[in-house]
Amino acid sequence: MEQFVVTGGARLGGSVSVLGAKNAVLKHLVATLLAPGSHRLENVPGILDVHIMCRVLEHVGASCAIAGSTIDIDVPVHLRPEAPIDLVRQMRASILVLGALLARCGEARVALPGGDDFGSRPIDMHLGGLESMGATFDLVHGVLHATAPDGLIGADVHLEFPSVGATENLLLAGVMARGTTTIGNAAREPEIQDLAAFLGAMGARISGAGTSTIVVEGVPSMSPAIHRVVPDRLEAGTYLVAGAITGGDVTVTDCVPEHLRMELRKLVEAGCEVTTGDDWVRVVGPERPLPVDFATLPYPGFHTDMHPQMVALLTLASGTSVMTENIYSARFRYVGELNRLGAEVTLEGQHLIVRGVATLSGCPVDACDIRAGAALVLAGMVADGYTTVVDAQHIDRGYHDFVPKLASLGAEIRREDVPG
Ligand code: EPU
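Bear in mind the structure is a predicted one, so any value in this text is a computation, not a measurement.

Examining the site of the ligand
Around the ligand, a shell composed of 25 residues is seen, among which Lys27, Asp124, Ser163, Ile327 and Tyr328 lie nearest. Between the ligand and Asp305 there is a distance of 2.8 Å, counted from an oxygen atom to a side-chain nitrogen or oxygen. Here an oxygen atom of the ligand and a side-chain polar atom of Arg371 are 2.8 Å apart. In isolation the ligand exposes 830 Å². Once the protein is present, 90% of that is buried. Going through the elements one at a time, helix H1 (22–31), helix H5 (124–132), helix H6 (164–174) and helix H12 (370–380) are the ones with two or more residues in the shell around the ligand. When grouped by side-chain class, the residues that make up the shell around the ligand number 10 nonpolar, seven polar and eight charged. Here the shell around the ligand spans two domains, and each of domain 1 (2–18 + 231–417) and domain 2 (22–218) adds at least three residues to it.

Printed below as a string of structure tokens:
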């Protein structure tokens, strides 16, 4: 067990680059299962979730060789169509092997997924869509047994909500299905566009990715491909809020500013100076943030995975902000930890009422999940004294070199083993 120890008070300055998006590369790794042969993914972050997904692939029969930010994946002709319960429980993205294995093998055995505790996270839309494509499911001792003995057949699927994972599972299932699959009310996230680009390089015929209607014309087979993963807008956004909260001056490079449009707009409303170039964003933080109301929504709305970091910033605002969480029913466990630091945040239904305070005061807090953990580190950077963020492995699931990157910007932060 490790923890991060942060000493408050430093104003961050300088520039930091980001790698490829966790929420893209995890899906690209699964997509490689669709075509036997040697694939290569570049710009891959060395994070825990990538290692877990590589172990899922290895269990299925593929081999993954990681060298720096490149992964070479070798996919055999014959796969073992199952994902083990101990890995799937650790990471919700493993549910995507369902679509890919059904497409490749006509069957799959996948444990029900775990992942961050944000309230109930059903997979009804994944299963409903795959059922329309000819799959049948049986739940046996917590493991889904899926079959499509006659192969998957293209279908018209309209999602009840633009679920990222359901859109991706249907894309993976549709690329080699017989006929045309139409995904209506599809998620429009940049990571989905990037998955479609990778699948396109493998020979898939997909149109409309990035819009609410994606059309997939099934092809009989796919080939291996090389792909550079889209930059991580959440990693970029987190370092920009780190600059903002410390009243610093931080530039994030190798990112796509367009993918952070709503988050940058809210930083401007909070009093930050924001400038952008083709692949960089610079944020100069205010002496004290202004209060801002915001609501999380599917892309291009404000990203739910940037909500805790933005709330951390607003704990110090010169007034009261209201945040509405529309994606998850219970992404609020970290609020108690922020309040332990002296913040005044109250939960009312799906709303957080954030009453700005003048100072925070360091103490031990629990990371809770990836983004909450990052937000608590940011709060610790402006809290008086030391803040110890325990359960730091949550943060390692999503951020590559989090401590060295923040330290390179001037943060006083170190990683240490939990005593005992
Ligand atoms: N939902 C259902 N039924 C379904 C699928 C989803 O009710 O069949 C609900 C979920 O319970 C949730 C909402 O729909 O309340 C959104 O879920 P979605 O399927 O869009 O999310 P996801 O695919 O499970 C991905 C990211 C999350 C990110 C969300 C939303 C990955 C691996 N995870 O999850 O990222 O919060 O999209 O943008 O891509 C993170 O990186 O920290 C993280 C949690």
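Quick notes on the packing of H1 against helix H2 (residues 48–60)
Taken N-terminus to C-terminus, the directions of H1 and H2 make an angle of 10 degrees; their axes are 10 Å apart at the nearest point. Relative to H2, H1 is oriented roughly parallel. Facing H1, whose interface residues are Lys22, Val25, Leu26, Leu29 and Val30, H2 presents Asp49, Val50, Met53, Cys54 and Leu57.

Remarks on the nonpolar core
Counting 79 residues, the largest nonpolar core has Leu29, Leu98, Leu199 and Met222 as its most contacted members. Ranked by size, the runner-up nonpolar core spans 70 residues in total, among them Val18, Val311, Leu378 and Ala411.

Description of the domain arrangement of the chain
Along its sequence, the chain is carved into domain 1 (2–18 + 231–417) and domain 2 (22–218). Inspection of the region where domain 1 meets domain 2 yields two salt bridges. The residue Glu191 makes a salt bridge to Arg233 at a minimum N-O spacing of 2.7 Å. One can count six residue pairs in polar contact (both at pLDDT 80 or more) joining domain 1 with domain 2.

Details of the packing of aromatic side chains
Taken as a whole and assessed by the stated rule, the structure comprises four aromatic pairs. Ring geometry for Tyr239 and Phe402: centres 6.1 Å apart, planes at 35 degrees, overall tilted. Of this pair, Tyr239 sits in helix H8 (residues 233–245) while Phe402 sits in helix H14 (residues 402–408), and the two are 163 residues apart along the sequence. With a relative accessible area of 0%, Tyr239 lands in the buried category. Under the relative-accessibility criterion, Phe402 is labelled buried at 2%. Among the aromatic residues, those joined into a cluster by ring pairs are Phe4, Tyr239, Tyr399 and Phe402.

Here's the deal with H12
Here H12 lies mainly inside the structure; 11 of its 11 residues are buried. All buried positions along H12 are accounted for by Ile370, Arg371, Ala372, Gly373, Ala374, Ala375, Leu376, Val377, Leu378, Ala379 and Gly380. Residue Asp369 occupies the N-cap position of H12, its side-chain oxygen lying 3.1 Å from the main-chain nitrogen of Arg371.

Conventions used here
Residues numbered from 1 in each chain as written. Predicted model: local features only at pLDDT ≥ 70, side-chain atom pairs only at ≥ 80, totals over all residues. Heavy atoms only, no water. Near = heavy atom within 4 Å. Polar contact = N/O pair within 3.5 Å; in protein donor to acceptor, adjacent residues only side chain to side chain. Areas by Shrake-Rupley, 256 points an atom, 1.4 Å probe, with all protein chains shown as cover. Helix = DSSP H or I, 4+ residues; strand = E, 2+ residues; numbered from the N terminus. Nonpolar A, V, L, I, M, F, W, Y, C, P; charged D, E, K, R; others polar. Domains from an automatic or database assignment. Axes fitted to C-alpha atoms, helices over the stretch in contact; angles between N-to-C directions. Parallel < 35°, antiparallel > 145°, perpendicular 65-115°, else oblique. Contact = heavy atoms within 4.5 Å. Core = buried A, V, L, I, M, F, W, Y, C linked by side-chain atoms within 4.5 Å. Buried < 20%, exposed > 50% of the residue type's maximum accessible area, 1.4 Å probe, protein only. Salt bridge = Lys/Arg side-chain N within 4 Å of Asp/Glu carboxyl O. Phe/Tyr/Trp six-rings, centres within 6.5 Å; stacked < 30°, edge-to-face > 60°.

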